[in-house]
Amino acid sequence: MDSHKTERVLQALERFNIEIPSWGFANTGSRFGKFLQPAAANTVEEKFSDAGHVHQLTGICPTIALHMQWDLPEGVQSVNEIQRLSRAYRVRPGSINPNLFQNQCYKFGSLGNPDKSIRDTALQHTKDSIEIARSLQSRDISMWFADGSNYPGTANIRQRKRWFDENLKACHAELSANQRLLVEYKPFEPAFYHTDIADWGMALLLARSAGPQAKVLVDTGHHYLAQNIEQIVAWLLSEEMLGGFHFNDRRYADDDLTLGSIDPYQVFRIFHEILYFEWETGRPADIAYMIDQSHNLKGKIEAMIQTVTMAQLIFSKAAVVDNAALTEARDNCDLVRAESQFQDAFATDTRPTIEEWRDSKGYPRDPMTAFRENGYLDRITKERAARNAGIVSSYA
Ligand SMILES: [Mn+2]
């Protein structure tokens, strides 16, 4: 790399952070069952410990996404404990994720449920989540809904849209000035006929209607296979409506595979759109990068280290693109030269620069090797194995 490219990569490394989810350290599985891991985290404290360890090794994961039902079971009463864990394990609470899909009452939906009392329950839970986020100084409340229907004719789609619209406005009214409401979309699953917020356009309309602090959250796994996600990203940037990402990779549906394991070039193209927006406008895009993955077969912590260092690597490659040269090539319709900017940047090995950057910050040059040698996994395996062995893993 020439010195200009190295400088751009170093600048990118200075600012790149990515949030890891508490649920990425817990035992998870498919709808057919869980494969239990002896070192999986069972308590909120264990999740903070693992997340803090990943941050200690990589330096790029200062926050952990928390899930209301799984991590804050006592609601507001859990806040003190979370603050204690945050201090003890040196990782801050990040986005707060309400749970509007797990309780029995949500069988036919949450904010879109035909029963007003259940819509109100869902709304109250979201208001509680916003209050908790405020106490934890968490900025983002991340909303994903399982709402939808499985059979044609069974749901009033326009009525449900109205309920979502009203309720998201009511949620937005609870936000403090510095908080944001992120609206996530997904085309199918668990509903298999219609999903109430199925794509970025629906999320955009609802977020815009809710108020100025509502933005769209793009989960990379929540698209049909042929969709051009970077174009969606470019449009949301252009509308000032891109709030954040849930990163993961997939081959078929919402597979929650490791970021970059199937299509790293797509991640590169997404990061490019963001960096190009910043280069053109001269201001930073205010976007929360978050991981939303389920590591069923890989070791949880290894998978997380692999994921976040891959995100960092691909972000650094996107920073190699010479945006001035790219723009000139585009303006002259020099297709090959423009495309080569992408291809050459993607092919550039930025790993030596990343290793030097880590070294300069006091992080291990190779976080994965450091993890495999530092004894943390042995220790937590001994501490947690007995409890994990006692968990029932069957689906039925
Ligand atoms: Mn997600």
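Everything here concerns the structure above.
Along each chain, residues carry numbers from 1 onward, in the same order as the chain's sequence is written. For this predicted model, a pLDDT threshold of at least 70 governs which residues receive local features, and a threshold of 80 or more governs which side-chain atom pairs are given and counted, while totals over whole chains, interfaces and linings are taken from all residues.

Some details on the overall build of the protein chain
Right, so step 1: The way it works is that DSSP assigns letters per residue, a run of H or I at least four long becomes a helix, a run of E at least two long becomes a strand, and they are numbered from the N terminus. Regarding its fold elements, the protein chain presents 15 helices and 12 strands.
Right, so step 2: We compute the radius of gyration over the C-alpha atoms and compare it with the globule rule, which gives 2.2 Å times the number of residues raised to the power 0.38. In summary, the protein chain has a C-alpha radius of gyration of 21 Å against a globular reference of 21 Å for 396 residues, a match within 12%.
Right, so step 3: Counting all 396 residues of the protein chain, 43% fall into the buried class.
Right, so step 4: The long-range fraction of contacts in the protein chain, counting pairs at least 24 apart against all pairs at least 6 apart in sequence, stands at 78%. Using C-beta atoms placed from the backbone, we call a residue buried if 20 or more other C-beta atoms fall within 10 Å of its own, exposed if 12 or fewer do, and partly exposed for counts in between. Think of it this way: build a C-beta for each residue from its backbone, and any pair within 7 Å is a contact.

Overview of the nonpolar core
Right, so step 1: To count as a nonpolar core, a set of buried Ala, Val, Leu, Ile, Met, Phe, Trp, Tyr and Cys residues must be joined through C-beta atoms within 7 Å. In terms of nonpolar packing, the biggest core is built from 95 residues, with Val54, Leu181, Val183, Ala203, Val216 and Val308 touching the most fellow members.
Right, so step 2: For this core, the leading source of residues is helix H10 (residues 300-320), giving 11 residues.
Right, so step 3: Each residue touching Val54, except ones within four places of it in the same chain, is listed here: Ile20, Cys61, Ile301, Met304, Ile305 and Val308.

Structural notes on helix H15 (residues 376-389)
A turn of α-helix holds 3.6 residues, and therefore any two residues three or four places apart point the same way.
Right, so step 1: One fewer than the residue count of a helix, multiplied by 1.5 Å, yields its expected span. If you check H15, its first and last C-alpha atoms are 19 Å apart, about what 14 residues at 1.5 Å a residue would give, namely 20 Å.
Right, so step 2: Two axes define the bend at a residue: one fitted to the seven residues ending there, one fitted to the seven starting there, and the bend is the angle between them. Taking the largest bend as the criterion, H15 deviates by roughly 40°, centred on Glu383.

Considering unusual backbone geometry
Right, so step 1: With omega at 5°, the peptide bond leading from Glu189 into Pro190 counts as cis.
Right, so step 2: Position of Pro190 relative to the elements: it lies in the loop between strand S8 (180-184) and strand S9 (194-195).
Right, so step 3: Phi is positive for Arg90, close to 55°, though the residue is something other than glycine.
Right, so step 4: With respect to the secondary-structure elements, Arg90 resides in the loop between helix H4 (79-89) and strand S5 (92-97).
Right, so step 5: Under the C-beta neighbour-count criterion, Arg90 is labelled partly exposed, with 14 such atoms within 10 Å.
Right, so step 6: Residues other than glycine seldom take positive phi values, yet Glu240 does so here, at roughly 60°.
Right, so step 7: Within the secondary structure, Glu240 is located in the loop between helix H8 (229-238) and strand S11 (242-247).

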